[in-house]
Amino acid sequence: MADAKVIPFDDDHRSRGGAAQRPSRRRGAGSRGGGRSAAVGEVQPLPGMASVPDDDPVTGDEEQPQEQAGDGTGEGIGGLERRVASGLAFLRRRLTGDYEVDDFGYDEELTDQVLMSLLRPVYEKYFRVEVKGIENIPAEGGALIVANHSGTVPVDGLMMQVAVHDHHPADRHLRLLAADLVFVLPVVNELARKLGHTLACAEDAERLLAQGELVGVMPEGFKGIGKPFSERYKLQRFGRGGFVSTALRQGAPIVPCSIVGAEEIYPMIGNAKTLARVLGFPYFPLTPTFPWLGPLGAVPLPTKWTIQFGEPIPTDGYPPEAAEDPMLMFNLTDQVREQIQHTLYKLLVQRRSVFF
């Protein structure tokens with residue numbers, strides 16, 4: 001068999017990735033309950049004796065189930081005990097190493113129970129994200145979600161991941177493709193792996209799509225998040241169309257995604273290029289608050305976000321050799337880009353305020 005040709009998604013991403021197959025996930029054995037038997041020593045009424053009602057003969061009050069005696073929140077003692085037991089079981093699994101990750105380092109349990117819980121308040125309370133078109137994401141099988149990239153700091157990818165996780169009716173997870181810089185930063189590297197992120201290269205994307213995963217890519221790369229505020233909501237170049245080639249090889253639909261609100265969280269009015277080269281960053285942003293206000297200037301502005309998923313563009317009708325046709329890749333790339341740009345303009349016209 002000929003070796004697969006790796007095509008990078010854009011100029012800012014390197015191509016690499018393993019070829020190991022994803023191991024099957026182990027499932028714990030669930031407990032099964034049997035039939036209910038009669039209690040030993042249960043008192044039966046004597047012949048001719050009427051059964052005693054549950055109501056109190058004096059007050060007439062019905063006997064209340066003891067489990068409902070809660071703290072006024074409606075959860076009850078039983079519900080609280082279940083939550084505590086679930087939390088202790090989670091801690092035991094983490095301490096003993098009895099949990100699973102896939103070949104890319106994705107930890108589904110940690111993502112669902114911890115990481116998403118940390119991102120959700122930012123998503124719901126701070127940016128107040130509104131999601132549209134979630135039904136356009138397939139309920140099963142691989143699909144490639146292509147979105148615009150902005151905001152100086154790549155928060156938009158995380159918010160898109162929460163949107164899919166919390167709103168998709170089939171409880172799907174989005175696996176984001178990230179730049180090499182993400183995986184060389186301490187702490188950020190580990191968290192990105194746990195969340196299911198992987199390198200933005202065609203080989204890793206094809207493996208995930210072949211496994212039936214949702215894959216998210218932002219082809220603008222650093223050109224999108226590092227552009228000045230004066231060019232907000234103007235899409236940059238989409239690389240060389242590597243994401244289209246990947247979708248064609250797997251026959252996966254392409255779902256365009258438009259994100260409004262991220263451009264204004266860190267208005268980039270300048271770029272300290274010399275400092276960026278010293279630190280090894282693609283850019284060093286200067287905003288109205290950063291670095292002038294110190295750590296306080298790193299707090300994003302609380303803008304109102306809208307994330308809209310467009311109608312999928314099918315690719316399963318093309319022949320296998322279509323992935324090597326540069327003209328077809330150019331046309332599909334331009335179609336996806338134009339659809340995202342058109343939706344951005346439409347959402348901006350409908351938006352009444354940046355913050356409300």
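Just so you know, these numbers come straight off a predicted model, no measurement behind them. (Residues numbered from 1 in each chain as written. Predicted model: local features only at pLDDT ≥ 70, side-chain atom pairs only at ≥ 80, totals over all residues. Heavy atoms only, no water.)

1. Side note on the side chain of E264
Selection criterion: In this description a helix means any DSSP run of H or I spanning at least four residues, a strand means any run of E spanning at least two, and both kinds are numbered starting from the N terminus. Any residue under 20% of the maximum accessible area for its type is buried, any over 50% is exposed, and the rest in between are partly exposed; the area is computed with a 1.4 Å probe on protein chains only. Between N or O atoms, a polar contact is any pair within 3.5 Å; within protein, one atom must be a potential hydrogen donor and the other a potential acceptor, and residues adjacent in sequence are included only when both atoms are from side chains. Note on contacts: a residue pair qualifies if any of its non-hydrogen atoms lie within 4.5 Å across the two residues.
Note that E264 resides in the loop between β6 (254-260) and β7 (270-271). Exposure remark for E264: the relative accessible area of 6% places this residue in the buried category. A distance of 2.9 Å separates the side chain of E264 from the side chain of Y233, its partner in a polar contact. In contact with E264, other than residues within four places in its own chain, are F229, R232, Y233, L301, T303, R351 and V354.

2. What about the sheet that holds strand β5 (residues 214-217)?
Our working rule: Two strands make a pair as long as DSSP finds a minimum of two bridges between them.
Across the sheet, 7 strands lie side by side as β1-β9-β6-β2-β5-β3-β4; this open sheet has mixed pairing. The open sheet has two edge strands, β1 (130-132) and β4 (198-199), and neither has a second partner. Sheet topology note: the β6/strand β9 (residues 306-309) ladder contains 4 bridges and is antiparallel. Within β9, the residue paired with V260 across the bridge is T306.

3. Here we look at the pairing of β5
Residues L214 and G216 of β5 are buried on one face, and the alternating residues V215 and V217, pointing to the opposite face, are buried as well. Bridge count for strand β2 (residues 143-147) against β5 is 4 bridges, and the pairing is parallel. Bridge assignment links L144 to a residue of β5, and that residue is V215.

4. Some remarks on the pattern of salt bridges
To be explicit about the condition: We count a salt bridge whenever a side-chain nitrogen from Lys or Arg sits within 4 Å of a carboxyl oxygen from Asp or Glu.
For the coordinates displayed, the defined rule picks out 13 salt bridges. Between E109 and R94 there is a salt bridge, with its nearest N and O atoms 3.4 Å apart. Taken together, the residues E109 in helix α2 (residues 108-126) and R94 in helix α1 (residues 76-96) connect sequence positions 15 residues apart. Considered together, E109 and R94 belong to a single accessibility category, that of buried residues. The network of salt bridges with shared partners includes R93, R94, D107 and E109.

5. Let's talk about the packing of aromatic side chains
This is how the line gets drawn: Aromatic pairing here means that ring centres of Phe, Tyr or Trp (its six-membered ring) are within 6.5 Å. Orientation follows from the plane angle: under 30 degrees is stacked, over 60 is edge-to-face, and everything else is tilted. In our convention, an over-ring charge means Lys NZ or Arg CZ found within 6 Å of a ring centre and within 35 degrees of that ring's normal.
What the rule picks out here adds up to 4 aromatic pairs. Arranged with centres 6.1 Å apart and planes meeting at 75°, the rings of F238 and F243 form a pair that is edge-to-face. For the pair F238 and F243, a shared accessibility class is recorded, and that class is buried. An aromatic cluster of at least three residues, connected via ring pairs, comprises Y126, F127 and W305. The cationic tip of R193 hangs over the ring face of F183; the distance from NZ or CZ to the ring centre is 4.4 Å.

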